[in-house]
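The lines below spell out each chain.
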Amino acid sequence: RESTSMHASIGGLSALALVAIVVLWWFLREMRGTFNGVVPFGRSISAMSMLVYAFVPATRKVYGYFWGWVMPDPCTTDWSTWLDMRFNNLPIGWILFTAAVVLTIGAALYGANAGLKFFASPPDPEGDIGFVIGPDGRRIDAIPPSPWPQSLLGFLIWAVGAIMVLF
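Here's what I pulled together on the structure shown here. Counting of residues starts from 1 at the beginning of each chain's written sequence and follows it residue by residue. Per-residue local features are limited, in this predicted model, to residues with pLDDT of at least 70; the limit for side-chain atom pairs, both in listing and counting, is 80 or more; totals at the level of whole chains, interfaces and linings are taken over all residues. The basis for the side-chain values is all heavy atoms of the structure; hydrogens and waters are excluded.

**Regarding a nonpolar patch on the surface**
Part 1: Patches here are clusters of residues that have more than 30% relative accessible area and form no salt bridge, with a 9 Å joining cutoff for like charges and a 5 Å cutoff for nonpolar side chains (Val, Leu, Ile, Met, Phe, Trp, Tyr). A 1.4 Å probe and the Shrake-Rupley method give the accessible areas. Residues count as covered only by the protein chains that appear here. When a carboxyl oxygen of Asp or Glu lies within 4 Å of a side-chain nitrogen of Lys or Arg, that pair is called a salt bridge. Taken together, the side chains of V19, V23, L24, W25, W26, F27 and L28 present a nonpolar region at the surface, about 690 Å² in accessible area.
Part 2: Take W26: it is sitting in helix 1 (residues 4–31).
Part 3: For W26, a relative accessible area of 38% corresponds to the partly exposed category. Comment: elements are numbered from the N terminus, with helices defined as DSSP H or I runs of at least four residues and strands as E runs of at least two. Accessible area is worked out with a 1.4 Å probe on protein chains only. A residue is then buried under 20% of its type maximum, exposed over 50%, and partly exposed in between.

Below, the structure is given as structure tokens:
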């Protein structure tokens, strides 16, 4: 009747998908300005990126490797160059990477918790429960039906399965 791991995974993936859609929407909305001859992402972001490029030597090093202006060390990869970026001897690359990982895990956990709450069944009734005797002599308990989000999820899973079988 209820699978907590499935509800948690649906919630976590939905939260990550929502964040990805919002970022993509923002990116596409900002890129629309390029068709009218406007600098993409506005003046302030362009100015900040130029300042970072001018005053952070690690950024010049990364872009130098990327565009082929500078030959990289044989043991250096693009990821290690981005992660080893430093500003005033602070490991900015590792700080940003750690923040991105923590935010991603936090969004997934928040979505999992929200999915568990949204798709949860009501608690089983305690005490005396109404029942009827079926035609074959079985006891049929009168329990509340499944909540509509859980029923809708079951229907969607069924519909996706049917579509996959048909096509």
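**Some points on the pattern of salt bridges**
Part 1: Overall, the coordinates contain two salt bridges when judged by the stated rule.
Part 2: Linking R138 and D136 is a salt bridge whose minimum nitrogen-to-oxygen distance equals 3.0 Å.
Part 3: Taking the relative accessible area as the measure of exposure, R138 reaches 53% and is therefore exposed.
Part 4: Accessibility expressed as a relative area gives 54% for D136, which makes it exposed.
Part 5: One salt bridge connects R139 with D141, and the closest N-O pair in it is separated by 2.6 Å.
Part 6: Given a relative accessible area of 36%, D141 falls into the partly exposed group.

**Details of unusual backbone geometry**
Part 1: Positive phi, close to 65 degrees, is recorded for N89, a residue that is not glycine.
Part 2: Residue placement: N89 occurs in the loop between helix 4 (78–83) and helix 5 (92–119).

**Observations regarding the packing of aromatic side chains**
Part 1: Only Phe, Tyr and Trp rings take part, Trp by its six-membered ring, and two of them pair if their centres are within 6.5 Å. Stacked means planes under 30 degrees apart, edge-to-face means over 60, and tilted covers everything else. Inspection of the entire model under this criterion finds four aromatic pairs.
Part 2: Consider the rings of W94 and F97, whose centres lie 6.0 Å apart with planes at 90 degrees: the pair is edge-to-face. In this pair, W94 and F97 are both assigned in helix 5, three residues apart and thus about one turn of the helix distant.
Part 3: Pairwise contacts between aromatic rings join F118, F119 and W148 into one cluster.
Part 4: Positioned over the ring face of F131 is R139, at 4.2 Å from the centre of the ring. Lysine NZ or arginine CZ positioned within 6 Å of the ring centre and within 35 degrees of the ring normal marks a charge as sitting over the ring.

Honestly, that's just the spatial picture; any functional story needs more than this.
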